[in-house]
Structures are given as C-alpha cells and as structure tokens.
Amino acid sequence: MKVDLDKVFEIDGSEKNTWTFLQDIPGVASCMPGAEITEQVDANNYKGKVRAKVGPATMSFEGDIEIQEINEENKSLHFIGKGQDTKGTSAAEMDLTASVRKGESGATELVGVATVTVTGKVANFGGRMMTQVADQILNQFGKNFANNVVAMGEGESAEEAAKVVAEQPKELNGLAFAWSIFVGYLKSLFGK
Amino acid sequence: MSTSAESIEREEKLQGVGCSRKRKEDPRFIQGKGNYVDDIKMPGMLCAEIVRSPYAHARIISIDKTEALALPGVHAVLTADDLKPLDLHWMPTLAGDVQAVLADEKVVFQMQEVAVVIANDRYIAADAVQLVKVEYEPLPALVDPHKSMDSDAPVIREDLIGKMDGAHSKRLHDNHIFTWDVGDKESTDQAFEDAEVTVKENMFYHRVHPCPLETCGCLASFDKIEGKLTAYVTSQAPHVVRTVVSMLSGIPESKVRIISPDIGGGFGNKVPIYPGYVTAMVASIVLGRPVKWVESRIENLTTTGFARDWHMEGELAADNEGRIKALRVNVLADHGAFDACADPSKFPAGMFHICTGSYDIPNAYARVDGVYTNKAPGGVAYRCSFRVTEAVYVVERMVDVLAQKLGMDKAEIRLKNFVKPEQFPYPTALGANLDSGDYHTALNKVLDAVDYKELRKEQEEKRANGELMGIGIVTFTEIVGAGPSKSCDILGVGMFDSAEIRVHPTGSALARMGTITQGQAHQTTYAQIIATELGIPSEEIQIEEGDTDTAPYGLGTYGSRTTPVGAAATAVAARKIKAKAAKIAAHLLEVSDDDLEWDVDRFKVKGVPGQEKTMKDIAWAAYNNLPEGMEPGLEAVDYYDPPEYTYPFGAYLCVVDIDKYTGVTKVRRFYALDDCGTRINPMVIEGQIHGGLTEGYAVAMGQELSFDPEGNIEGNSLMDYFLPTAVETPHWETDYTVTPSPHHPLGAKGVAESPHVGSIPTFTAAVVDAFAHLDVTHMNMPHSAYRVWQKCHELGLDKAK
C-alpha cells in the first residue's frame, strides 16, 4: 500500500544550521526512531537499518538509501530508501524530499514530502494503521531533528537539546508508540 | 411390502433411509479423539515450512540458503532449482494449466512459495525460513482484472508468452486464459432487440475463502526399500491425488498410497493439489524420512483455494407482463496467477450454464473470460458445485431487478416464470436437463409459512415511517452430482464413483467407498442406505473411506456429488448383493426366485407364512450352502456412472431490518425450504442446511479477501476474515418438500450446498429490497455495516430529522 505524507516542522534554529544538518545523512537518519546508517557506500549511497518493536514482535528493516539530489539553491534533499525486513516477509520504500525554508511567521521550517510504499506482512496487518504510524514516526523524527539543530547553536537551550539528543531512544518503543498512535487517532476523530 | 406392526418394528431397528440416526462420527470428535493429518506422528519425522514472497509480482535475483543451512537441526532448503532436475518445479493444475511448485525465477502473487525448509521440528523450520535470504526486483502488480487485457498490462505468465492455444480456447492476450460460451447468441441478441423491457446490472461476486477449521497439510513418508510413497493428505479426492502423484513422480500408482484421515471441513478448499503437499513428498523422497507440512491460518487464507472473484454483467429481456424472454450474461473471471480452478476438465466455467435457474427462459447466452492477475490461484467450489453459486446469484438478482423495473411483486414474477411441474424433464436453453421439480408448491409453501402479504404490508408501513425493512426471496435450482462421464472428467478420469460391500458370514457388513467425508456423516448415512437395501442393521455396517490402498477408485467428495453418485453406487452394489441373496434364499427354501417377496430384512415365500430366510441366514449360507455352480461369498462392487446430474431446488425468504444510522443489518427471519428429493437422514440434512446457511451468511455479510493496488492481500487472518459464531448467526427456520429424482436409484439429489448457494443471493435480495423504494437495484457484497451505511449515507438516510 502507498501512503502520501506531507509534513512541516518548525525548527527553533537558523536556516543555515538546519540545512547543514539536513545534509548530514547519518545524523538525519539517527533522528528517525530506531534507524541508523551502517555504511556509507559512496557519496550518494548508504546502507542502513530500522528496528521497530511492536508488542512481542521486532521488525528489522535493512536497506539502501540513495541520494537523488542535493539542491543548494532550494536547500532541498531528495532520496529514496528501499528495504526488506530481515525475515523476508515485508518490504518498504520511501521516496522523500526534504527542504528548508523560512515560514510565513519568519521561523525556519523543515518541509517533508514523502511517499511510503509497503508490501508483505506489514501491509497485510498494519495496513489500516499505516497512515497513523507513519505520521507518528515523522512527528518523532521532527522533534529529534529540531533538537539536533538547536544543539548546534549556543546557550542553555542548546545544551539541553544536546542532552535530549544524547538520551534519544535508539529503538522504536512499541507501547509508548502505540499510545501516541492512539492519541493521534483520537485527535483525528475530534480535531476536525 | 408388508406393513404389519411386527415388520414396522423390524424396520425401525434397522435405522435405514429416512431415520434421523445419530451421527456415528460424533463420539470421537466430541471426545477429542479425531485423527487429523496434524495428529499423525511418525518416527524420525521432519517438518517443512515455506519461504514466501512479500511481493505480488517480482523477479527473484538470488536465493541465499547458507545461513539457514547452518542452523542446527535444518536438513535441507529446497528451491525451484533443486526441483528442476526431477522436473517437479512445476505441476499440472486441474484446469489444464501449470503451477509453479516453487517460484521459478519470478513470483506472481503475494506469499507465493519460494523455498521450503526441512528441519527437525516446526520451530527450527520457522526460524530457518527467516534466514533464507531472497533478493527480489519488484515488478508492477496487476490487481484489477479489468486491466488484465490492456495492451500495456504487465505480463504475468512469462512461461506462456506466445502460447496462444489455451487449454480451453484461443487466448486473446498474454494475460487471457480462456473464453467459454454457451447458448444461442444470435437468438438471444434478437430476443433482446425485440423485447418490450430489458434490464442490465453489473455485479461483483467478491473473492472469498472456504476457511475450513482445519487448514491443509500433508505427511509424506517414502519407504526407500519398498519404493513406496505413503502420504496422509487433507484431500477431498484422495484417488485423484494418487493418480497425479504417480504421473508426476513416475512411481507406479500401486506404490503410492494416499490416506485422507479425519478432515476438519473441506468446502472445496481441499480439492486441489497444493505446492505444500508436493514439497513434503519430494522432501521425503530425497531425505528418506517422513516429512510433514501443515499450513498456518494465514497461509491457508492467502495461498490455498480461494473461491468466486467473478465480475458479472447480467441482462434480462421480458414482456410488459413480466414473462422472461431471454437471459444474457457476460463474466470476467479473475483466476489469479495460475488457472487452478477445480472444475471438471471440459468445464472451465464449471456448471455455470445452470444460470437460467428455475425459470422457463426460451433464449439464453452466457460467456465467461478468464484472466490472470497477481493474486493467489484457486477458484474452488466453496460449498457449491462448480460456479453454481455465481450462476444462481446472477439470475436471482436479475429477476429482482426486472421485477423492480416492472413494479411487480418479487414472488409473483417468479411464480409467473417457473418451469411448470408438467414440463419436467425440462431441457434449458443452456443445455441443462432439469430432472424433476415443483417450484410453485415450494414457493407457495414458504409464502404461506411467513405470511408474505402481511410482511409486505408491514414493509409499506415502515417505509412510510422512514424505516428500512427488506424482504429477500430466492427460488434457486442447483446442478449437482458431477457427473456423467460422457461429459465430466478430471484429468481424463471419468467422474463416476464407487462402492464395495462385503457381507460377512455372520451377517454384518463392511463397505468402502471412493468418496471421503469431511463432516457430511458418510459413516452414518451410507450405512442407512445399505441397511434399507439389505436388511442389515446400520449398527452392524462398517463404513470405510479415504485409504486408496483399500477403497475402490472414486473421484471424491465435493460438488454435492456423494449422494447423487456415491450413494447411487452404494444402492446399486447393495442391489447386486440382494439379487444374489434372493437366489440363495430360493435355493434354501427350495422355491423359485419368483415365489419370493422381500420383507424388510428377509425373503418370504409368497402366501406361505413362516417360510422365510433372513439376510443373516442367507449370509451364512453364502459361505457354505449355495446353489450349484454359484460362486461363494456375498459381496459386490459398483462403479456408478450417473446418467444425468440431479437438480435440487429450494425457496428461501429472508427479512432484514436495517439501522439507517449505523448500517447494521439484522436478520429478523430466515425461512429455508429445500427439496433434495428422497431424504436419507433428516437430522443430517438439517445439520447440512444449518451449516450451509451459516456459511452463506458469512459470505454475504462479511467474508472478503481484498487487495490493495500493490497486490497486498488485506485481511488474511481471523482478525478480519469473518467466521460467524453462535453470536452472529441468525435463527434458521427450515422446511422441505420431496420431489424425487427420477433417474437416481434412491431418488435422492444431494443437499449440502443448496443452503449456501441459495442463501447468499437471498441476503443480497433482502438488503437491496430494503432500499428498493429508493430505486436501488443492486448492492455488492459483503453487506457489512460499513458498506450498508455508505449506501444510507449516499442516499442521505442517515441524517437525523
């Protein structure tokens, strides 16, 4: 199944720092809960993995990230990530364009537009949850990303952000995650 | 036959035909002493698990077994490349196509079999499955059958490219399987042109799965010294499996033994031969150890034997008084990636030609086109004869659509168009030959029983109040008992069936049949037939089935063929014994055969009270005191090739109340009248009808295997797939009439499927009828609350006043 995502995160940092951090692929990857870059193959190709724990099941996706374009002018990054879970039952692909811009309020914004395609067990079972799950993953990503950018700056808030970054959970925690999906779902019911 | 109180008492003791004898199977099942494939364990047994594709369509780049083979307890990992030297990586299907046993270079449906792991136990095998590394290159998935024949459609079956002579017809496209048509197209088209009224409706009979409680499995054991392969298989047709296995493996058929032990429901799911069976057998031959493979529930729902998935366009032509002049049907049949339909070989669309139903329709034409898509293969007869459910659905829906167009009552239009009792045997425009029926009596009995007029009045009142109440009526005719071998065969073997009866010296009997019970109570009912024919108490008759080493060759149990074919063979075999018994009795009584008359369990000399020999006396004499020149023993075998199909029918009526705010549809009343000819065991029939109605309810109201555009199957576990329990199941009211089949030795027609075939369109009819005053003519199944609510919402009915 395919899910289209469109997200804007406000970043409490400069456009310049945000753009610099966006080009740090391993750094950006680490903002994704449970994700890490395991190998840089060449300038545009990386290998990585994502681990997610939902209840008793652990899913571990391994795959390749290929940078399609880094556009200094628009401050945008386009990459495609493809992976299969290590048990061979599911596969996922993400086509993401992220860019940095100054928002209407004057704050720095990170804009993400992505299409996520999943096949196999994760689609069979998780299909109906996909939109909420992807949404939650991205929200977590946005928070982590913002903290990383703030940590690049100076002063008390930067120190605090650095601390948060250091303590960031390395794995997608199923229960807390499920709770946040549930809350997100309730909000979507009554929020409109 | 004497009717004295004494002989009636003797007759009752036999527990023969017509008696609600308690099921002989139940004591072992309710005590948990059934013996299913997964209960059987053999010394040195290994377990198989299958590596499956996450993609619906992808090229296999590489398969790396190294890590899996390194896991302690793993004996082998087999792929298509390993089966190639044995020429077993592909196998024939029942429909004249071939199917990959293990994916050969490409996967063509999600969860297709890619490799099989053989290990000490199931846990190790499951762990090893995850260690087999398969690299895929995804290809675009073809999910919508309407796009299968597009010029830019991805070709699913590369093995068939350029092979345009299909098994059943010319192929029109690489993704086309067959065109099958029947009837007079010209006269039908003409009738439509001349008609005063015509109606047309598109309907989708969705993909469902029989979902028997026991999934499919096989325990294969190859004896290297004897060169003999024994396999316990969940099969509704063990002899067919034996023949196919022998043909595939080259092992002489005499050295292949297939045993179907207790089977936990089949419903068509256990007719085909699946890759899992083949891999277990191959692994056992290769490793010289018993190998067991048993499906998980998800594997069962996803990969073995789906049913239906037909996109149907129905049309009727009629005059202004509602007399039907012609029927035209066009079908697009989604067969998945391999054509593995379970139909008699010459019938790629099964018995769909019964689609003129119970009606006297002078002109008809039907055409079915089968196409490939990236979905699992199947197309089994889910509690129905081959495609009869689809046939009954389309004609019953269309009669309703016509009634609505003409503003006629839905019962009245049926009564007007029924084949009349004096018209039987009635040849239909599409080549069926209806053996017997009395449709008017059946429908009128139902209408009276439910007080139909009052129901319609109530509906009027409810409609005036803005409430939704629907009344669905279906008057179906089935075609069962495949079939006459002049037209019906499976892989060249005629669809007869068999019975072998041996009466022992002390008067008890053993009988073996070519059919196999999966819950139909054969042990109970076959004995009743023999009891009545031979005067031996049912309790003293042992029925055995399912072991190809002992049972006579038969084509198995599905398509309600056991009573029309197997029971006929049983009656004829018993009559052969009775004929011999008469000669022995005449010899013992020193009279001529003509002087004898049969009385329940004995031959009597006409007009000479006390001069008689019971079957028990005769059995003893058969082994020591025979007429001169007569061969000793008292046994017979019969291979019964039916002269015709049988045509059970019924009239069903359903009343639903729909909550327009939630779409929840409550079945208030369901009245089912069935006519299956002679009734062998009324209690078993009642059970069959309850089961069939419940499965019909499941299909109509919730079951569905759907796919997303990438070919991911949605809802392939019991979290989603609807199996009604006592909580959801409505209350069933049953009734019957008896119109015997004129050509069946017992007059019986078969019943197990009628309630499934008949009830599904009844639910749709009732739901649609609730909206009929709002010009709704059809709604596709399943009629889940959400989907019914969508209709309410679309019509603006869910707005609070």
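Report on the accompanying structure. Every value quoted in this text rests on a predicted model; they were computed, and no experiment measured them.

So, the overall build of chain B
Point 1. In terms of helices and strands, chain B carries 19 helices and 34 strands.
Point 2. Relative to the compact-globule value of 28 Å for 801 residues, chain B shows a C-alpha radius of gyration of 28 Å, a close match.
Point 3. In terms of its C-alpha atoms, chain B occupies a principal-axis envelope of roughly 85 × 75 × 50 Å.
Point 4. Each of the 801 residues in chain B was classed as buried or not, and the buried ones make up 63%.
Point 5. Across chain B, the fraction of contacts at a sequence separation of at least 24, relative to all contacts at a separation of at least 6, is 79%.

Re the nonpolar core
Residue and element names in this part refer to chain B.
Point 1. In this structure, M281, F352, L653 and F771 are the most contacted members of the largest nonpolar core, which totals 181 residues.
Point 2. Of the residues forming this core, the biggest block, 11 residues, is contributed by helix α10 (residues 388-406).
Point 3. Looking at which domains feed residues into this core, each of domain 1 (5-34 + 497-640) and domain 2 (142-417) supplies at least three.
Point 4. In this structure L653 touches V446, L447, V450, Y452, L455, I471, G472, I473, R669, F670, Y671 and T762, once residues within four positions along its chain are discounted.
Point 5. A499, I541, V605 and A621 belong to the second-largest nonpolar core, a separate cluster that totals 47 residues.

Describing a negative patch on the surface
All names here are of chain B.
Point 1. Together, D448, D451, E454, E460 and E461 give the surface a local cluster of negative charge.
Point 2. Per-element tally for the negative patch: the top contributor is helix α13 (residues 452-464), with 3 residues.
Point 3. Residue D448 is classed as exposed on the basis of its relative accessible area of 64%.

Section: the sheet that holds strand β13 (residues 256-259) of chain B
All names here are of chain B.
Point 1. Strand order in this open sheet of 7 strands is β3-β7-β1-β14-β11-β12-β13, and the pairing throughout is mixed. The open sheet has two free edges, formed respectively by β3 (74-79) and β13, since each of these has just one partner strand. Within the sheet, the average angular offset between the axes of one strand and its neighbour, ignoring direction, is 20°.
Point 2. Sheet topology note: the strand β11 (residues 217-223)/strand β14 (residues 291-294) ladder contains 4 bridges and is antiparallel. In the strand pairing of β14, G217 is matched with V294.
Point 3. Across the sheet, helix α7 (residues 238-249) lies against β12 (228-233) and β13, angled at about 150° from β13, the strand it touches most.

Observations regarding the packing of aromatic side chains
All names here are of chain B.
Point 1. Under the criterion given, the structure shown has 26 aromatic pairs over all chains.
Point 2. Ring centres 6.0 Å apart and planes at 80° place the aromatic pair W90 and F338 in the edge-to-face group. Here W90 is found in strand β4 (residues 90-92), whereas its partner F338 is found in the loop between β16 (324-334) and β17 (363-371), with 248 residues between them in sequence.
Point 3. Ring centres of F496 and Y639 lie 5.6 Å apart, and the angle between their planes is 65°; this geometry places the pair in the edge-to-face category. Residue F496 is found in the loop between β22 (493-494) and β23 (497-503), and its partner Y639 is found in strand β29 (residues 635-640); the two are separated by 143 residues along the sequence.
Point 4. Given a relative accessible area of 18%, F496 falls into the buried group.
Point 5. Following the ring pairs from residue to residue traces out a cluster consisting of F476, Y652, F670, Y697, F722, W732 and F763.

Cut-offs applied
- Throughout this document, residue positions are counted from 1 along each chain, in the order its sequence is written.
- Each chain gets a letter, beginning with A, and each ligand a number, beginning with 1, in the order they are written.
- Local features in a predicted model are, by the rule used here, given only for residues with pLDDT of at least 70; side-chain atom pairs are given and counted only at 80 or more, and totals for whole chains, interfaces and linings are based on all residues.
- Calculation of side-chain values draws on the structure's entire complement of heavy atoms; hydrogens and water are dropped beforehand.
- Strands are runs of DSSP state E lasting at least 2 residues, helices are runs of H or I lasting at least 4, and numbering of each runs from the N terminus.
- Every radius of gyration here is taken over C-alpha atoms, with the globule rule written as 2.2 Å times N^0.38, N being the number of residues.
- When a residue's accessible area, from a 1.4 Å probe over protein chains only, is under 20% of the maximum for its type it is buried; when over 50% it is exposed; and in between it is partly exposed.
- By definition, residues are in contact when any of their heavy atoms lie within 4.5 Å.
- We call a set of buried residues a nonpolar core when its members are Ala, Val, Leu, Ile, Met, Phe, Trp, Tyr or Cys and they connect through side-chain atoms within 4.5 Å of each other.
- An automatic or database domain assignment provides the domain bounds reported here.
- Patch members must show over 30% relative accessible area and no salt bridge, and they are joined within 9 Å when carrying like charges or within 5 Å when they are nonpolar side chains of Val, Leu, Ile, Met, Phe, Trp or Tyr.
- Using the Shrake-Rupley algorithm and a 1.4 Å probe, accessible areas are obtained, with residue cover drawn only from the displayed protein chains.
- Just to be clear on terms, a salt bridge is a Lys or Arg side-chain nitrogen sitting within 4 Å of an Asp or Glu carboxyl oxygen.
- Neither His nor the chain ends is counted toward charge; the positive residues are Lys and Arg and the negative residues Asp and Glu.
- The location of each charge is read from NZ of Lys, CZ of Arg, CG of Asp or CD of Glu.
- By the convention used here, strands pair only if DSSP detects at least 2 bridges between them.
- Angles here are taken between N-to-C directions and fall from 0 to 180 degrees, while the axes themselves are lines fitted to C-alpha atoms, restricted in helices to the stretch in contact.
- Two rings from Phe, Tyr or Trp (for Trp, the six-membered ring) form a pair when their centres are within 6.5 Å of each other. A pair whose planes differ by under 30 degrees is stacked, one over 60 is edge-to-face, and the rest are tilted.

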